[in-house]
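# Tertiary structure, described
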Amino acid sequence: MLKRLLISSSSRYCFSKKPIKFQLLSTTPFFRRPIHSLSVLAMAEQSSSSSSSHKHNNRLTSEHSPYLLQHAHNPVDWYPWGEEAFAEARNRDVPIFLSIGYSTCHWCHVMEVESFEDEEVAKLLNAWFVSIKVDREERPDVDKVYMTYVQALYGGGGWPLSVFLSPDLKPLMGGTYFPPEDNYGRPGFKTILRKVKEAWNSKRDMLVQSGSFAIEQLSEAMAAVATSNKLSDEVPETALRKCADHLGESYDSKYGGFGSAPKFPRPVEMQLMLYSSKRSGETGKSGEAKNALDMVLFTLECMARGGIHDHVGGGFHRYSVDECWHVPHFEKMLYDQGQLCNVYLDAFCITKDVFYSSLSRDILDYLRRDMIGPNGEIFSAEDADSYESEGASRKKEGAFYVWTSTEVDGIVGEHATLVKDHYYVKPSGNCDLSRRSDPHNEFKGKNVLIERSSTSAMASKHALPVEQYLDILGNARQRLFDVRSKRPRPHLDDKVIVSWNGLVISSLAKASKILKGEPEGTRFYFPVTGTNPKEYMDVAEKAAYFIRNNLYNQQTRRLQHSFRNGPSKAPGFLDDYAFLVSGVLDLYEFGGSVFWLGWALELQETQDELFLDKAGGGYFSTTGEDPSVLLRVKEDHDGAEPSGNSVSVINLVRLASMVAGDKSKHYRETAEHVLAVFEKRLKDAAVAVPLMCCAADMLAFPTRKQVVLVGVKFSEEFENMVAAAHAAYDLNKTVVHIDPTDAEEMRFWEETNGNIALMAKNNAAADKLIALVCQNFTCSPPVTDPKSLESLLSQ
């Protein structure tokens, strides 16, 4: 039953052995605004605050997680996840209340203010339960267990996640956000606490039995094994087509995007459509190819002009509450920035339109400005909520980002009319484009900047040359930025997560070469800085070195998951290894040292040792070494982040094309076995696994290109040749570069792939770089200039 449920997240299902007659899940989705306007009180965010200055102090005061520290002075007697809390529950013979969230989560803040700061609620929790707080970004393994339980039983989930557990950690019942009091026919949090207490006292055996049954069912459903060692031959092509067709059917031709409001920028969907477009073009289906490409380009354009894009500071917010990408949920997540940057870079490769390249710069320059620490580490997120002014007692969602018409007049001055026209700024506020944008008038009189017409059309309307018009807008954004910088900033979650850093390392490395394809003399306007693309590689390498120096044990070759004031207690998970391998492979392929390729091979070896189900196929998300994590699952869903299994298959395909002999064969066979685990998913619900569809097709692709560059590295000539190798969009291509004068590098290739070493020896030239394109075991005649290489790769 659960296997069927997990195929379709929209299903609603309860176990046949219901523990109690009422359903305790909150039906309020995590992405919806409150029923009425709600301002959120200040949270205790500063870990440096003196404990003596607070009325309450609990065990979270000694934690490093920003989210846990926000709750360190609640009257609730919180415990962090760990044996101390479990033992206390056993000793007192009481259930556990588990609350999971993250520091930039709006609804988590709401529930804290309404319930966890309330003395009466705290009294009930402290008397009847052992209360545990978990940061889902710090412990995604714990979150996965109980989120899966809630989604499986009730068909939906979100954060904050609220689950009641037995002392042995079996789930009893759960939900998401609960209001403090009964309302609209739904029980409030206080009512739920009383009913759980009553059920524990009177129906404990039934509760515990139901929780154990749930875990058994979920374990069976989420640890599937392959029935063969590889996919059926027809699956890759069929899955790719089905996924593209499904997305095409859900495409919004008016506003872009796939699906209806609320609109999340799910980059894996756009990656699938770009890949499908290229494959359709290669097989002569030019109409299908153009249609898929146009959907992505229009979506990227609508997102960039919408309010989900921070026009003043750069980067993208988490999602839009309406269908027109206008009013966002204002938090900014690192994983969105890295993935969206890659899609904009792909769009530039395909179109050569600097509109798309400037958006990738916009994202990366935002990260460099606001999200990178002194040692190169890249932080996790910025909050949706902030104070409207210094000294304010309450936070409001979006306060940092919205503007009144009067403010714009005073800041921009003589060009205010033009700027307000361009960004649809109105005295009454502009959150009126959809009934979903601001149904409760939270932003009355406020404006979320949005571009409703193209720049060229607006320049024409104001009778100005486009360049002059862009100058005016850029100067206006700079002025707005300077004023906004004096506002109280949203909380910054300065936790460093390996997997998310891996995503951004990839985009930085790619940008360092792809952006060299911008026309000479291209102008950029604030918040884009117009930096030399080469600088992005420096930022990427610094971030990778931070992870290697602070979160990687070179003796055990193991990663830790995150860092804040030191490494976290949590070990690296599958996503950490998979996303980091992808990132350091891009560091190498886009011109970095062979050192990065060596580290990728090392990380892949450890990943296989820790997570690979060698008998059943597929990668588990966790090592299985922590007995408190009750589920060991094989994740396949490509959602806001791609699944570790999807990324791993692509990594294995790439590695197999770089190494030789048994090692190459092993990587391909492992990838085939991984995909075989998810054959049913690829057949029946391809739209749930878009990146895996791409991965399956890449593995089946018969003629992967291999570009080999031979010559002295790290010169301008080398940079230009690497850029030429990556100028065209083509995921079925590997770029290898080797310096025949570097003895250490030659030794690496002799051990890893003797064919590459031999090609370097046979094509060494003292005064120039040589490029060869190999396909079907045949290499082209050598070329010696970037234009010739680009021409050769376009054939």
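Residues numbered from 1 in each chain as written. Predicted model: local features only at pLDDT ≥ 70, side-chain atom pairs only at ≥ 80, totals over all residues. Heavy atoms only, no water.

## Brief notes about the state of the cysteines
- All told, the structure shown has 2 disulfides when counted by the stated rule.
- The partner cysteine of Cys105 in its disulfide is Cys108, sulfur to sulfur 2.4 Å. Taking the sign of the S-S torsion, 80° for the link of Cys105 and Cys108, the bridge is right-handed.
- The exposure class assigned to Cys108 is buried, which follows from its relative accessible area of 2%.
- Along the protein, the cysteines engaged in disulfide bonds are linked according to the scheme 1-2, 3-4 when indexed in sequence order.
- The thiol sulfur of Cys243 is not disulfide-bonded, and the nearest other cysteine sulfur, from Cys693, lies at 4.5 Å.
- The thiol of Cys324 is not disulfide-bonded; the next cysteine sulfur, from Cys302, is found 9.7 Å away. (Disulfide = S-S within 2.5 Å. Buried < 20%, exposed > 50% of the residue type's maximum accessible area, 1.4 Å probe, protein only.)

## A few points about the pattern of salt bridges
- One pass over the structure, following the stated rule, counts 53 salt bridges.
- The salt bridge partner of Glu719 is Lys513, with a shortest N-O separation of 3.2 Å. Here Lys513 lies in helix H18 (residues 498-514) and Glu719 lies in helix H26 (residues 716-725), a separation of 206 residues in the sequence. The same class applies to Glu719 and to Lys513, which are both buried.
- One salt-bridge network, in which partners are shared between bridges, spans Glu120, Glu181, Lys190 and Arg194. (Salt bridge = Lys/Arg side-chain N within 4 Å of Asp/Glu carboxyl O. Helix = DSSP H or I, 4+ residues; strand = E, 2+ residues; numbered from the N terminus.)

## Concerning the sheet that holds strand E13 (residues 492-493)
- Taken in spatial order, the 3 strands make up an open sheet running E9-E10-E13, and their pairing is antiparallel. What marks the edges here is a single partner per strand, and that holds for strand E9 (332-333) and E13.
- Across 2 bridges, the pairing between strand E10 (residues 381-382) and E13 is antiparallel. By the bridge assignment for E13, Ala381 is matched with Asp493. (Pairing = 2+ DSSP bridges.)

## Points about helix H5 (residues 119-128)
- Where H5 is concerned, the buried positions are Val121, Ala122, Leu124 and Leu125. In an axial view of H5, the angular spread of the buried residues amounts to 160°, which keeps them on one side of the axis.
- Among the structural elements, strand E3 (96-101), helix H4 (106-116), strand E4 (130-135) and helix H7 (189-202) are those in contact with the buried residues of H5.
- Where H5 starts, the residue carrying a side-chain oxygen 2.9 Å from the main-chain nitrogen of Glu120 turns out to be Asp118. (Arc of directions from axis to C-beta. Contact = heavy atoms within 4.5 Å. Polar contact = N/O pair within 3.5 Å; in protein donor to acceptor, adjacent residues only side chain to side chain.)

## Topic: the packing of aromatic side chains
- In the structure shown here, the tally under the stated rule is 30 aromatic pairs.
- With centroids separated by 4.9 Å and ring planes inclined at 75°, the aromatic side chains of Trp81 and Phe86 adopt a geometry described as edge-to-face. Assigned by exposure class, Trp81 and Phe86 land together as buried.
- Through a chain of ring-to-ring contacts, the aromatic side chains of Trp78, Phe97, Phe116, Phe129, Phe164, Phe178 and Phe189 assemble into a single cluster.
- The ring of Tyr79 has Arg59 sitting right over it, with the charged end atom 3.9 Å from the ring centre. (Phe/Tyr/Trp six-rings, centres within 6.5 Å; stacked < 30°, edge-to-face > 60°. Lys NZ or Arg CZ within 6 Å of the ring centre and 35° of its normal.)

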